[in-house]
Amino acid sequence: MTKISIQTLAIYCILFITGNLIAQQPELTKHAVEFSYNYSSVGLNACGTYRHSFSPVSSVIVGLKILDNQPVTDIKGFSFRHRFYAQKFQERLGLVFGLERQFTIAKSNIRPFIGYTAQYTAAHIRGLSAVVDSSYSVLNTDTTWSKYASYRYYYRLHVVHAMENIICAGFTVKAYDRFDLRFSAGIGFSLLLVPENRLYNPRIELTYEPSDYYSIGIIYRLGKPTADQ
């Protein structure tokens, strides 16, 4: 588990305890919108989603996300993690789908949930390489001095299609009036369609990588509260 993952989980635990002590339990409505910021295996992204509750405790979520291009991080053991980098505006856009089941805890000020989140991304892969450039000069017949200049550069690969599949858990707390705060984390895997532009045998390969996911968002609830169960 990465350092940022451990830190994020610790922050979520603190928020969970604090929310249980000082917040009010959120009221479910049939319709709601959410804006969130997420950390996933593809990279950082901002999401805008619509939430429809088809029962007092179950919701379906659909929406769009915008990829937030960040400096590429090479992580040992991964070929695509945190290397998605949009070269065009349309590559920044992606799709979001989710299912969520919430729970009510008696005498508790939070509403925990479990759910499934899928995020689709199609963007270029940007890698990071190190190059050593050398030059030398002969000062005399016995001594050779060499100078080495090491530098890093980015290279680009073709567009890769990724579908992140995450099983997540988290909680919501009431912030103010119709506004709720939502925190979640999860693990899963990413399905990746990778083009192989070989000279004699071009093809698209299907592969996968493990994924983790962390999200913080704010929900605005529309309409009247539904009957609780």
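Residues numbered from 1 in each chain as written. Predicted model: local features only at pLDDT ≥ 70, side-chain atom pairs only at ≥ 80, totals over all residues. Heavy atoms only, no water.

Colleague: Residue-level account of the overall build of the protein, with values.
Modeller: When you go through the protein residue by residue, the secondary structure sums to two helices and nine strands. When the elements of the protein are put in sequence order from the N terminus, they spell out α-β-β-β-β-α-β-β-β-β-β. Put simply, of all contacts in the protein between residues at least 6 apart along the chain, 66% involve residues at least 24 apart. Within the structure as shown, the protein displays about 13500 Å² of accessible surface, and the carbon and sulfur contribution to it stands at 63%. (Helix = DSSP H or I, 4+ residues; strand = E, 2+ residues; numbered from the N terminus. Contact = heavy atoms within 4.5 Å. Areas by Shrake-Rupley, 256 points an atom, 1.4 Å probe, with all protein chains shown as cover.)

Colleague: Before we move on, could you go through the nonpolar core and cite the residues and values that matter?
Modeller: In this structure, Val42, Leu67, Phe80, Phe84, Ala86, Ala123, Ile125, Val160, Ala162, Leu192 and Val194 together form the largest nonpolar core, which totals eleven residues. Looking at this core, the elements that each hand over two or more residues are β6 (111–138), β7 (144–176) and β8 (179–196). Leave out the neighbours within four places in its chain, and Val194 touches Phe80, Val160, Arg203, Ile204, Glu205 and Thr207. (Core = buried A, V, L, I, M, F, W, Y, C linked by side-chain atoms within 4.5 Å. Buried < 20%, exposed > 50% of the residue type's maximum accessible area, 1.4 Å probe, protein only.)

Colleague: Break down a nonpolar patch on the surface for me, with residues and values.
Modeller: On the surface, Met163, Phe189, Leu191, Leu193, Ile204, Leu206 and Tyr208 cluster together into a nonpolar patch covering about 700 Å² of accessible area. Elements represented by at least two residues in the nonpolar patch include exactly β8 and β9 (203–225). Assignment of secondary structure puts Tyr208 in strand β9. (Patch = residues over 30% accessible without salt bridge, like charges linked within 9 Å, V, L, I, M, F, W, Y side chains within 5 Å. Salt bridge = Lys/Arg side-chain N within 4 Å of Asp/Glu carboxyl O.)

Colleague: Summarise the packing of aromatic side chains; cite the residues concerned and give the values.
Modeller: Enumeration according to the criterion identifies three aromatic pairs in this entry. The interplanar angle of 45° and the centroid separation of 5.8 Å between the aromatic rings of Tyr39 and Tyr214 together place this pair among those described as tilted. Taken together, the positions of Tyr39 in strand β1 (residues 29–40) and Tyr214 in strand β9 put the pair 175 residues apart, joining distant regions of the chain. By the burial criterion, Tyr39 is buried, and Tyr214 matches it. For the ring pair Phe171 and Phe183, a centre distance of 5.3 Å and an interplane angle of 35° mean the geometry is tilted. One end of the pair, Phe171, is in strand β7; the other, Phe183, is in strand β8, with twelve residues separating them in the sequence. The class of Phe171 is buried, set by a relative accessible area of 4%. (Phe/Tyr/Trp six-rings, centres within 6.5 Å; stacked < 30°, edge-to-face > 60°.)

Colleague: Can you tell me about the pairing of β1, naming the residues and giving the values?
Modeller: The pairing of β1 with strand β2 (residues 44–53) spans nine bridges and is classified as antiparallel. Note on β2: the bridge partner recorded for His31 is His52. Where β1 folds back on β2, the antiparallel hairpin that results is connected by three residues, among which Gly43 adopts a positive phi of roughly 150°. (Pairing = 2+ DSSP bridges.)

Colleague: Got a sec to walk through the pattern of salt bridges? Specific residues and values, please.
Modeller: On inspection of all chains with the given rule, the structure shows seven salt bridges. As a salt-bridge pair, Lys65 and Glu164 come within 3.8 Å of each other at their nearest N and O atoms. Of this pair, Lys65 sits in strand β3 (residues 58–67) while Glu164 sits in strand β7, and the two are 99 residues apart along the sequence. Note on Glu164: relative accessible area 2%, which makes it buried. With a shortest N-O distance of 2.5 Å, Asp180 and Arg221 are connected by a salt bridge. Placement of the pair is Asp180 in strand β8 and Arg221 in strand β9, with a sequence separation of 41 residues. Across the pair, Arg221 and Asp180 agree in class, each one buried. Through salt bridges that share partners, Glu34, Arg51, Glu100 and Arg182 make up one connected network.

Colleague: Outline the side chain of Ser211, listing residues and values.
Modeller: Of note, Ser211 is situated in strand β9. What makes Ser211 buried here is its relative accessible area of 6%. There is a polar contact of 2.5 Å between the side chain of Ser211 and the side chain of Ser190. Apart from the residues within four sequence positions on either side, Ser211 is in contact with Ser41, Ile166, Gly186, Ile187, Gly188, Phe189 and Ser190. (Polar contact = N/O pair within 3.5 Å; in protein donor to acceptor, adjacent residues only side chain to side chain.)

These figures capture arrangement, not role.
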